[in-house]
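In case you want the letters, here they are:
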Amino acid sequence: MLYRFRSPAGADVVMLGDAAEVLLRLLGREPAAQGLFQIADLPALVQRLEQAVADDDAQFQRAVDAAQAAGEPAPRRSGVSLRQRAWPLRELMLHSQREGADVVWGV
């Protein structure tokens, strides 16, 4: 399943279902066939995304530091990072915020 996030303020952001559902839950929303991020909520939602990405980056950096301290090779990220998945949606939200537009999604 694909999720498509849309706003008149920017290009659509399309994500596979699993990745989109993770982000929706991080944003405090239950995955659904359709939904809406209202303009008034966008600043807080962007902040939640940025905090989740910062936490994920910090957790990975702690793993790298621990491996280096133990004389082991640094771990590699498997797959796509949360930052890579979240940033297109974050950018759409920021553009929407500047333009005063809601972000909607659908499958």
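Everything in this summary refers to the structure shown in the same document. As the structure is a prediction and not an experimental result, all values here were calculated from the model.

**Describing a nonpolar patch on the surface**
Point 1. On the surface, a cluster of nonpolar side chains totalling about 280 Å² of accessible area is made up of Leu2, Val14 and Leu16.
Point 2. Leu2 sits in the partly exposed class, given a relative accessible area of 45%.

**Quick notes on the pairing of strand β1 (residues 2–7)**
Every regular strand shows the same layout, with side chains that alternate between the two sheet faces.
Point 1. Residues Tyr3, Phe5 and Ser7 point to one face of β1 and are all buried, whereas Leu2, Arg4 and Arg6, pointing to the other face, are not buried.
Point 2. Sheet topology note: the β1/strand β2 (residues 10–16) ladder contains five bridges and is antiparallel. Looking across to β2, one finds that Ser7 is bridged to Gly10.
Point 3. What sits between β1 and β2 in their antiparallel hairpin is a turn of two residues.
Point 4. Of the pairings in the sheet, the one linking β1 to strand β4 (residues 103–106) comprises three bridges and is antiparallel in character. Each bridged residue has a counterpart across the sheet, and for Arg4 the counterpart in β4 is Gly106.

**Regarding helix α1 (residues 17–26)**
Every α-helix carries 3.6 residues per turn, so stepping three or four residues along brings you back to the same face.
Point 1. Gly17, Ala19, Ala20, Glu21, Leu23 and Leu24 are the residues of α1 that are buried.
Point 2. On the buried face of α1, the contacting elements are β1, β2, β3 (34–37), α2 (42–69), α3 (82–99) and β4.
Point 3. Immediately beyond the C-terminal end of α1, within one or two residues, lies Gly28, with a positive phi of roughly 80 degrees.

**Observations concerning the packing of aromatic side chains**
Point 1. Considering all chains together, one arrives at three aromatic pairs under this definition.
Point 2. Note on Phe5 and Trp105: the rings are 6.2 Å apart at their centroids and 50 degrees apart in plane angle, and the pair reads as tilted. Taken together, the residues Phe5 in strand β1 and Trp105 in strand β4 connect sequence positions 100 residues apart. Across this residue pair, the class does not change: Phe5 and Trp105 are buried.
Point 3. Here the aromatic residues Phe5, Phe37 and Trp105 are joined through ring pairs into a cluster of three or more.
Point 4. One cation-aromatic arrangement involves Arg77 over Phe60; the distance from NZ or CZ to the ring centre is 4.3 Å.

Procedures and definitions
Residues numbered from 1 in each chain as written. Predicted model: local features only at pLDDT ≥ 70, side-chain atom pairs only at ≥ 80, totals over all residues. Heavy atoms only, no water. Patch = residues over 30% accessible without salt bridge, like charges linked within 9 Å, V, L, I, M, F, W, Y side chains within 5 Å. Areas by Shrake-Rupley, 256 points an atom, 1.4 Å probe, with all protein chains shown as cover. Salt bridge = Lys/Arg side-chain N within 4 Å of Asp/Glu carboxyl O. Buried < 20%, exposed > 50% of the residue type's maximum accessible area, 1.4 Å probe, protein only. Helix = DSSP H or I, 4+ residues; strand = E, 2+ residues; numbered from the N terminus. Pairing = 2+ DSSP bridges. Contact = heavy atoms within 4.5 Å. Phe/Tyr/Trp six-rings, centres within 6.5 Å; stacked < 30°, edge-to-face > 60°. Lys NZ or Arg CZ within 6 Å of the ring centre and 35° of its normal.

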